[in-house]
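Chain residues, written in single-letter form:
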Amino acid sequence: MHHVVIPEINSAAIWRDKARAFLGAGTPPDHILWGETTIAPDLFATPAHSPQGGPVSVPRSFISLAEKVVWHSDPERFARLYSFLWRLRDAPHLMSDRGDADLARLRQMEKNVRRCQHKMKAFVRFREIRFERANRRSFAAWFEPTHNTVEPTADFFARRFADMDWRILTPKTSAIFEGGTLTFTQGQPKPDLPEDASEALWITYFRNIFNPARLKPRAMQSEMPKKYWKNMPEADAIPELIATAPARAREMARAAPTLPPRHMAGAQAQLASCASAWDGPSSALSSAITACTRCPLHRNATQTVLGEGPVDADLMIVGEQPGDMEDLHGTPFIGPAGQLFDRLAQAAALDRRAAYVTNAVKHFKFKPQGRRRIHQRPNSSEINHCKWWLEAELAQVRPKLILALGATAAQALTGNGAALMSRRGTVEKTPTGQPVLITLHPSYILRQTDPKASAAAETLLVQDLKAAMAMLA
Ligand code: URA
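No experiment lies behind these values; they were computed from the predicted model shown. One numbering rule holds for all chains: residues counted from 1, following each sequence as written. Restriction of local features to residues with pLDDT of at least 70 applies here, the model being predicted, together with a cutoff of 80 or more for giving and counting side-chain atom pairs; totals for whole chains, interfaces and linings are based on all residues. Excluding hydrogens and water, the side-chain figures rest on all heavy atoms present in the structure.

1. Some points on the overall build of the protein chain
Next, step 1: Under the DSSP-based scheme used, a helix requires at least four consecutive residues in state H or I and a strand at least two consecutive residues in state E, with every element numbered from the N terminus. Of the regular secondary structure elements, the protein chain holds 16 helices and 14 strands.
Next, step 2: Taken over 473 residues, the protein chain has a buried fraction of 46%.
Next, step 3: Pairs of residues are marked as contacts when any of their non-hydrogen atoms sit within 4.5 Å. By sequence separation, contacts in the protein chain at least 24 residues apart represent 72% of the contacts at least 6 residues apart.
Next, step 4: Each accessible area value is a Shrake-Rupley result obtained with a 1.4 Å probe; residue values ignore everything except the protein chains displayed when judging cover. Carbon and sulfur atoms provide 54% of the accessible area of the protein chain, an area that totals close to 24100 Å². Each residue is assigned to one of three classes by its accessible area relative to the maximum for its type, calculated with a 1.4 Å probe on protein chains only: buried under 20%, partly exposed between the two thresholds, exposed over 50%.

Rendered as structure tokens:
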């Protein structure tokens, strides 16, 4: 019997290496006892020398499944993964067998981990801690995730909060980001973190977005489970807001204007379209967008896809909404449209990394079709709700030029929903006067079936990208 102890830090890589070695050497699952660092050694077990095995080939879909499942809190996770991997050797089709109970269990675990990562991105609340002589601002957060999600989620925070030092402390693993370097250490008991000025802002923000007329305590608790409340300043306001919601909703109904429905709809659309930008602190903007539930799209998307890039960029590139890959990875423009954009940007000598890249709508809208998720265009209401965040990003980045990729971005930025082709290559303005160069969306090019039309569209997009570079020169 081999006894393998996987440490809490770097578990994914260590499990993968061990599993590959055992698989290559033909070691069956019942000859291995997998454990975590904390498990007591088995008296009859031999120490974990990884056997020397031959090369193994593992389906990519299993690798991405395992990369999530290893962070699950189930102590049997390593053994479950290895047993399934063992079965896969002779039956590679198993990965697509919907009736397989082991796979279903692993998929459920993968989903739990993804959900936990999503919660972590939304509910970590940093408090400022002051270190004398420190030249960057420092923040710390205490968080109690259900699964071991600190390590796989830390990159997200490193990208979002690259300009500050921070640490996320948890009972199991803690992440420390100092001077741009991310490290992991063992967990710890709950520290005594200082009160922070932004706590009051979180409470004000939450009070403002809380709509008593739409109160659904069960949906609210499933989005923001109670276990996270104790570390979220705004949660203090929840019991009172719930208790007073019916009275406030009645009051709102009494005070509602009595316009005929047709005018009412127009007035509401106008109100939504000129919703003022979010006025919280810029350090909290990403977390606020991540936690957004302003429209129903957040319900089915895996996660909010935030903008990325320098927040003092001269150029802001705005797409429509994340696609399937962006939704899974949490990064804009990495799928086929993003790859095409990168190729054309290179032809125009446009360095995407110097630009701030975001989307008009921050959640993926799709229709499930079998195992595929088919992209759906966001409607005006979804665009208007998300404009709140786009405007906040515009106010934060204050780019010299905005590039609108496609009709949705053009509509969100200028308020003009007219057809795109006659506007492409022209410069319009946002309501606050920022210049917007209108161009094609790379997905439009990908949809062309005629190679000539596709090449012509590529030429137009490259031409517009070059024009953008010339305007900024
Ligand atoms: N299409 C978009 O508009 N944005 C993305 O991030 C990806 C595809």
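2. Points about the side chain of Thr173
Next, step 1: Note that Thr173 resides in strand β6 (residues 173–178).
Next, step 2: Once residues lying within four places of it in the same chain are set aside, the contact partners of Thr173 are Glu8, Ile9, Val150, Ile168, Phe184, Thr185, Gln186 and Gly187.

3. What to know about helix α2 (residues 60–69)
Next, step 1: Burial in α2 covers these residues: Phe62, Leu65, Ala66, Lys68 and Val69. Mapping the buried residues of α2 onto a view down its axis gives an arc of 160°, with all of them on the same face.
Next, step 2: In the core, the buried residues of α2 are packed alongside α1 (11–24), α3 (77–90) and α4 (101–123). The directions considered for the arc are those from the helix axis to the C-beta atoms.

4. Some thoughts on the confidence of the model for the protein chain
Next, step 1: pLDDT expresses, on a scale from 0 to 100, how confident the predictor is about each individual residue. This prediction gives the protein chain a mean pLDDT of 85; 85% of its residues lie at or above 70.
Next, step 2: Across residues 38–47, confidence stays below pLDDT 50; counting only partners more than four residues off in sequence or on other chains, it has 13 contacts.
Next, step 3: Taken as a whole, residues 271–276 scores under 50 in pLDDT and shows seven contacts with residues more than four places along the chain or in a different chain.

5. Section: the sheet that holds strand β3 (residues 127–129)
Next, step 1: Paired strands, in this sense, are two strands between which DSSP finds at least two bridges. If you trace the five strands from one edge of the open sheet to the other, you get β3-β4-β5-β6-β7, paired in mixed fashion. Both edges of this open sheet fall to β3 and β7 (181–186), since each of them pairs with a single strand only. Averaged over all neighbouring strand pairs, the angle between strand axes comes to 20°, with direction disregarded.
Next, step 2: Sheet topology note: the β6/β7 ladder contains six bridges and is antiparallel. In the sheet register, Ala175 faces β7, and the bridge partner there is Phe184. All axes are obtained by fitting lines to C-alpha atoms, using only the stretch in contact for helices, and the reported angles, taken between N-to-C directions, cover 0 to 180 degrees.

6. Some details on the packing of helix α13 (residues 380–397) against helix α14 (residues 406–414)
Next, step 1: Where α13 meets α14, the axes come as close as 9 Å, and the angle between the chain directions of the two elements is 65°. In terms of their interaxial angle, α13 and α14 are classed as roughly perpendicular. Where α13 crosses over α14, the handedness of that crossing is right-handed. Contacts between α13 and α14 involve Ser380, Ile383, Lys387, Leu390 and Leu394 on the former and, on the latter, Thr408, Gln411, Ala412 and Leu413.
Next, step 2: Across the contact of α13 with α14, the residue classes break down as five nonpolar, three polar and one charged. Roughly parallel refers to an angle under 35 degrees, roughly antiparallel to one over 145, roughly perpendicular to one between 65 and 115, and oblique to any angle outside these ranges. In this scheme, a crossing is called left-handed if the near helix is turned counterclockwise away from the far one by less than a right angle; it is called right-handed if the turn is clockwise. Throughout, the ten residues Ala, Val, Leu, Ile, Met, Phe, Trp, Tyr, Cys and Pro are labelled nonpolar, Asp, Glu, Lys and Arg are labelled charged, and all others, Gly among them, are labelled polar.

7. Section: empty space enclosed by the protein
Next, step 1: Only protein atoms enter the 1 Å grid, on which a cavity is a set of points fitting a 1.4 Å probe that cannot get out and a pocket is an open set with protein on both sides within 12 Å along at least 5 of 7 lines, lining residues being those with an atom within 4 Å of a point. Grid points are joined across faces, edges and corners, and a volume is the space filled by probe spheres set on the points. Following the criterion strictly, the structure yields two cavities of 30 Å³ or more and no others.
Next, step 2: Quantified by volume, the largest cavity comes out at close to 50 Å³.
Next, step 3: Lining the largest cavity are Cys292, Thr293, Cys295, Leu297, His298, Val361, Lys362, His363, His385 and Cys386.

8. What to know about the pairing of strand β9 (residues 356–359)
Next, step 1: The two faces of β9 match: Tyr356 and Thr358 on one face and Val357 and Asn359 on the other face are all buried.
Next, step 2: The sheet contact formed by strand β8 (residues 315–319) and β9 spans four bridges and is parallel. Following the sheet pairing, Val318 is matched in β9 by Thr358.

9. Some thoughts on the pairing of strand β2 (residues 32–36)
Next, step 1: Burial analysis of β2 places four of its five residues in the buried class, the great majority of the element.
Next, step 2: Examined bridge by bridge, strand β1 (residues 2–6) and β2 share five bridges and lie parallel to one another. For Val5, the partnering residue across the bridge sits in β2 and is Gly35.
Next, step 3: Handedness of the crossover joining β1 and β2 through α1 is recorded here as right-handed. Think of it like this: strands point away, you trace from the first strand over the helix to the second, and a clockwise trace means the crossover is right-handed.

10. Comments concerning the site of the ligand
Next, step 1: Close to the ligand lie Gly319, Glu320, Gln321, Pro322, Gly323, Glu326, Pro332, Phe333, Asn359 and His441.
Next, step 2: Polar contact is defined as a pair of N or O atoms within 3.5 Å, subject to the rule that within protein one atom must be able to donate a hydrogen and the other to accept it, and that residues adjacent in sequence are counted only when both atoms are side-chain atoms. Measuring from an oxygen atom of the ligand, one finds a backbone N or O atom of Phe333 at 2.9 Å.
Next, step 3: Side-chain polar atom of Asn359 to a nitrogen atom of the ligand: 2.7 Å apart, as the coordinates give it.
Next, step 4: Expressed as a share of its isolated accessible area of 240 Å², the protein-covered part of the ligand is 95%.
Next, step 5: Here the residues of the shell around the ligand are counted per class, giving three nonpolar, five polar and two charged. Distances are taken per atom, and a residue is near a molecule or strand as soon as one of its heavy atoms is within 4 Å of it.

11. Quick word on the sheet that holds β8
Strand pairs in the sheet, formed through backbone hydrogen bonds, run parallel or antiparallel to each other.
Next, step 1: An order of β9-β8-β12-β14-β13 is seen for the five strands of this open sheet, with the pairing classed as mixed. The open sheet has two free edges, formed respectively by β9 and β13 (427–429), since each of these has just one partner strand. Taking the axes of each pair of neighbouring strands and ignoring which way they run, one obtains an average angle of 30° across the sheet.
Next, step 2: Sheet topology places β8 next to strand β12 (residues 401–405); four bridges connect them, and they run parallel. Opposite Ile317, over in β12, you have Leu403 as the bridge partner.

12. Structural notes on unusual backbone geometry
Next, step 1: Not every positive phi belongs to a glycine, and Asn10 is a case in point at roughly 65°.
Next, step 2: For Asn10, the location among the structural elements is in the loop between β1 and α1.
Next, step 3: Owing to a relative accessible area of 39%, Asn10 belongs among the partly exposed residues under this scheme.
Next, step 4: A positive phi is found at Phe333, a non-glycine position, where the angle reads about 50°.
Next, step 5: Within the element layout of this structure, Phe333 appears in the loop between α11 (324–329) and α12 (336–347).

13. Considerations on the packing of α1 against α3
Next, step 1: Relative orientation of the contacting elements α1 and α3 amounts to 40°, with a least axis distance of 11 Å. In terms of their interaxial angle, α1 and α3 are classed as oblique. In the crossing of α1 with α3, the sense of the turn from one axis to the other is right-handed. Residues Ser11, Trp15, Ala19, Phe22 and Leu23 of α1 touch α3, and the partners they reach there are Phe78, Leu81, Tyr82, Leu85, Trp86 and Arg89.
Next, step 2: Residues that form the contact of α1 with α3 fall into these classes: nine nonpolar, one polar and one charged.

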